[in-house]
Amino acid sequence: MSLIFQKHSSIPLKLDNRPEPELYRDVFPYTNISRVEFDQVLLAPRPANPMFITDTTFRDGQQARPPYTVQQIAKIFDLLHKLGGKSGLIQASEFFMYSSKDRKAIEVCRSRGYRFPRITGWVRAKIEDLKIARDMEFDEVGVLTSMSDYHIFLKLGKNREQAMNDYLKVVSQALEWGIIPRCHFEDITRADIFGFCLPFARKLMELAEQASMPVKIRLCDTMGYGVPFPGAALPRSVQRIVRCFTDEAGVPGSWLEWHGHNDFHKVLVNGVTAWLYGCGGVNGTLLGFGERTGNSPLEALVIEYISLTGNDDAADTTVISEIAEYFEKELDYHIPSNYPFVGKDFNATSAGVHVDGLAKNEEIYNIFDTQKLLNRSIPIIISDKAGRAGVAYWINQELKLPPERMVSKKSPAVGKIYDRIMKAYEKEGRNTSFSNKEMTALVKRYMPELFENEFDKMEKLAGDRAGHLVERLALACQGKNLEEMNELLTDFVHEYPFIQYVYVTDTKGKSIASVVTDPAYQEQFDKMPVGYDFSKREWFLQPMATGKLHVAKVVQSLFTDKLIITVSTVISDDQDNTVGVIGADLQLKELIQCAESLEEDGLEILEDEE
């Protein structure tokens, strides 16, 4: 039997359309650090049922980093589904919809066919913006509805009644079009809860009842002013805000979300507090990316949810490590070494744990079985106690070397690294452990072959960025005659001038078409006329053997003296039979200069082909 809680307040909620803004100067003095007031009103926890997570990695999260490409969004969306979408724990993911890239990303993610996370949108409180959501057939969309007088008076230049009426028009239109509105109560922790927020929320509940549709509310702690302390006063008390909406305005907990920011280092605890006091959803982003100080880290919310509910099957926690690896390797984001759950040193200790002791005392220092739950072993901290075995263990683990490349403690290079470490302790008086940065520097000095060099990175860049362009050109050449093919090649080099030379052969390696980008080099390239035999060249042989894209090593062009990378692939007919090979020589310097724009161009092309 559960307790019966009052669903609607007997307190009349009336809009206070005051002529001057309420800025709560006693609490937010601006020239001083904000204050936390207490009024001794204590509330018992009443956890939401159900509790769930919503994601805004592609909306709020993109305001803290370079925009994701379409392909990156699709990959991250897959990871969200894999992490907690299968169970429905991660219920929704929020997208922008204004640019062509935004719309393409939505299209690609919708094509996945996942039940969860559901794809939702976000718009400003304008009918013309709402039309975009309608035309894109969204069934739920977030609407920016600013709450505090800081926003209403100082930003929008309106009074409370005007703002409310404008918001209600957009919400009513959304309901009329069959779209569930999710009103984002922006800056809730500086707003007049009883004088504006709750009267507006009550109006929204009336509209929901009339339309027989939900009207959701996202409680946005825009400035991170929320506090989880028992007895704290409004408008900063997270408990009081949530309970006001459920008990005073009659908003179902399943229609509420908490969206926090980390300006005062409280983003995670505030989100969990919202859960515990009746707010169904907590909104977060992967690794906490978000404007300014960031949002609730979604991976941390997953761990907290399992901790609170004991539902171990709600998420595949090993995906958290997979997400971190993707952000570091593919998005070139450096995760701080001490970042919880995914930092290199988060589950390491310098308190005597080394290779010989891992099996004996792992549980003493580890927060849980990180191998099972996060698919990551305990990293070793290198000190004078590590030994040569410890050095080899560190190298193999930190560089994630495959079995065939793993180093032995008997390696002479490992011995040199160990000797250098011991010298620091025995002759130089060192008494602290070696950091990952220091160890990486030592390994680079004595074992440089284990690291990717600059040319390797450049070749990978060419394959990732320009390779898709060459594949697109190969597809365009399918079924074309020589005249049409030459026209395609000419247009291609004009669009991408970093390509100094593009050429096509038949299946025997004989040149049938080519275009030189810079006329100044035409005479040199004329030494390879139509009919020239390329059959012994690697760029021809490899695609012919595999049918796949081939990226050659960096070389110096015989004709222009510039560093180039050759990218090549096969041209096929309608039955997927190879009819030739197309290759392009890319000028390395120019390619690197325009790599960022190529990332968008090439990857969106790839999505089009899929």
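Look a little higher up for the structure.
Here's a quick rundown of the structure. (Residues numbered from 1 in each chain as written. Predicted model: local features only at pLDDT ≥ 70, side-chain atom pairs only at ≥ 80, totals over all residues. Heavy atoms only, no water.)

1. Re the overall build of the protein
Which entries qualify depends on this criterion: Numbered from the N terminus, helices here are DSSP runs of H or I no shorter than four residues, and strands are runs of E no shorter than two. Burial classification: accessible surface area is computed with a 1.4 Å probe over protein chains only, and a residue below 20% of its type maximum counts as buried, one above 50% as exposed, and the rest as partly exposed. In what follows, residue pairs with any heavy atoms lying within 4.5 Å of each other are defined as contacts. For the accessible areas, the method is Shrake-Rupley and the probe is 1.4 Å, while residue cover comes only from the protein chains on display. In this tally, Lys and Arg are treated as positive and Asp and Glu as negative; His is ignored, and so are the chain termini. Charged groups are reduced to one reference atom each: NZ for lysine, CZ for arginine, CG for aspartic acid, CD for glutamic acid.
Along the protein, the regular secondary structure elements total 21 helices and 15 strands. Counting only C-alpha atoms, the protein reaches 90 × 70 × 50 Å along its principal axes. Taking all 610 residues of the protein together, the buried fraction comes to 52%. Taking the contacts inside the protein whose residues are at least 6 apart along the sequence as the reference set, 69% of them involve residues at least 24 apart. Carbon and sulfur atoms form 50% of the exposed surface of the protein, whose accessible area is close to 28800 Å². Measuring between centres, the 70 positive side-chain charges of the protein sit 5 Å from its 88 negative side-chain charges.

2. Considering the pattern of salt bridges
The condition that has to hold: Salt bridges are identified by distance alone: a Lys or Arg side-chain nitrogen within 4 Å of an Asp or Glu carboxyl oxygen.
All chains considered together, the criterion is met by 26 salt bridges. Between R160 and D149 there is a salt bridge, with the nearest N and O atoms lying 2.7 Å from each other. Here R160 is found in helix α5 (residues 160-176), whereas its partner D149 is found in helix α4 (residues 149-155), with eleven residues between them in sequence. For the salt bridge of R160 with D192, the shortest nitrogen-to-oxygen distance reads 3.1 Å. Highlighted residues: R160 in helix α5 and D192 in the loop between β5 (180-186) and α6 (193-211), separated in sequence by 32 residues. There is no split in this pair, since R160 and D192 are both buried. When salt bridges that share partners are traced, they join R59, E94, R118, E140, R182, K216, R218 and E257 into one network.

3. Some details on helix α7 (residues 238-248)
For an α-helix the count is 3.6 residues per turn, leaving residues at separations of three or four pointing the same way. For α7, a buried count of eleven out of eleven residues is recorded, marking the element as mostly surrounded by other parts of the structure. Turning to α7, its buried residues are V238, Q239, R240, I241, V242, R243, C244, F245, T246, D247 and E248. Along its buried surface, α7 packs onto β5, α6, β6 (216-221), β7 (256-260) and α8 (267-276). G250, located one to two residues past α7, shows a positive phi value of around 70 degrees.

4. Here we look at the environment of I73
Within the secondary structure layout, I73 lies in helix α1 (residues 70-85). Given the relative accessible area of 2%, I73 is considered buried. Spatially, the C-alpha atom of I73 lies 16 Å from that of T54, the residues being 19 residues apart in sequence. Apart from residues no more than four positions distant in its own chain, I73 is found in contact with F58, Q62, Y68, F95, A105 and C109.

5. Quick word on the pairing of strand β8 (residues 281-285)
A regular strand places its side chains so that they alternate between the two faces of the sheet. Operational definition: Pairing between strands is defined by DSSP: at least two bridges between them are needed. Whether a crossover is right-handed depends on one test, that the path from the first strand over the helix to the second runs clockwise when the strands point away from the viewer.
Of all the five residues making up β8, five are buried; the element is thus mostly covered by neighbouring parts of the structure. The two faces of β8 match: G281, N283 and T285 on one face and V282 and G284 on the other face are all buried. Alignment of β7 against β8, held across three bridges, turns out to be parallel. Following the sheet pairing, H259 is matched in β8 by N283. With α8 bridging β7 and its parallel neighbour β8, the resulting β-α-β unit is right-handed.

6. A short note on the packing of aromatic side chains
Let me state the cut-off plainly: Two aromatic rings from Phe, Tyr or Trp, using only the six-membered ring of Trp, form a pair when their centres are within 6.5 Å; if the ring planes differ by under 30 degrees the pair is stacked, by over 60 it is edge-to-face, and anything between is tilted.
Per the counting criterion, the structure on display carries 28 aromatic pairs. For the ring pair F58 and Y68, a centre distance of 6.2 Å and an interplane angle of 85 degrees mean the geometry is edge-to-face. Highlighted residues: F58 in the loop between β1 (52-55) and α1 and Y68 in the loop between β1 and α1, separated in sequence by ten residues. Summarising the burial analysis for this pair, F58 and Y68 share the class buried. Through successive ring pairs, a cluster of aromatic residues spans F58, Y68, F77, F95, Y114, F289, F327 and Y333.

7. Focus on the environment of H259
This is how it is decided: Pairs of N or O atoms are called polar contacts if they sit within 3.5 Å, as long as, within protein, a hydrogen donor faces a hydrogen acceptor (for residues adjacent in sequence, only side-chain-to-side-chain pairs).
Following the sequence through the fold, H259 ends up in strand β7. Taking relative accessible area as the criterion, H259 reaches 3% and is therefore assigned buried. In this structure H259 touches T56, D60, R218, L219, C220, D221, N283 and N295, once residues within four positions along its chain are discounted. In terms of polar contacts, H259 uses its side chain to reach the side chain of H261, at 3.1 Å. At a separation of 2.7 Å, a polar atom in the side chain of H259 contacts the side chain of N283.

8. Section: the packing of helix α14 (residues 412-426) against helix α15 (residues 436-446)
We count it as follows: Angles here are taken between N-to-C directions and fall from 0 to 180 degrees, while the axes themselves are lines fitted to C-alpha atoms, restricted in helices to the stretch in contact. Any angle that falls under 35 degrees is termed roughly parallel, while one over 145 is termed roughly antiparallel, one within 65 to 115 roughly perpendicular, and all others oblique. Left-handed describes a crossing whose near helix is turned anticlockwise from the far helix through less than a right angle; right-handed describes the clockwise counterpart. All residues other than Ala, Val, Leu, Ile, Met, Phe, Trp, Tyr, Cys, Pro, Asp, Glu, Lys and Arg, Gly among them, are scored as polar; the first ten of these are nonpolar and the last four charged.
Between α14 and α15, whose axes approach to 10 Å, the crossing angle comes to 135 degrees. Relative to α15, the element α14 is oriented oblique. You can see that α14 and α15 cross each other, and the crossing is right-handed. Each of A413, K416, I417, R420 and I421 in α14 lies in contact with α15, whose residues at this interface are M439, L442, V443, R445 and Y446. Of the residues that constitute the contact of α14 with α15, the class distribution is seven nonpolar, no polar and three charged.

9. Regarding unusual backbone geometry
P50 follows N49 through a cis peptide bond whose omega is 10 degrees. For the peptide bond that leads from F116 to P117, omega is -5 degrees, which places it in the cis range. With respect to the helices, strands and loops of the structure, P117 is situated in the loop between α2 (100-110) and β3 (118-123). Although it is not a glycine, D561 sits at a positive phi angle of roughly 65 degrees. Here D561 is to be found in the loop between β13 (555-556) and β14 (563-572).

Take it as geometry only, folks, not as evidence of what the structure does.
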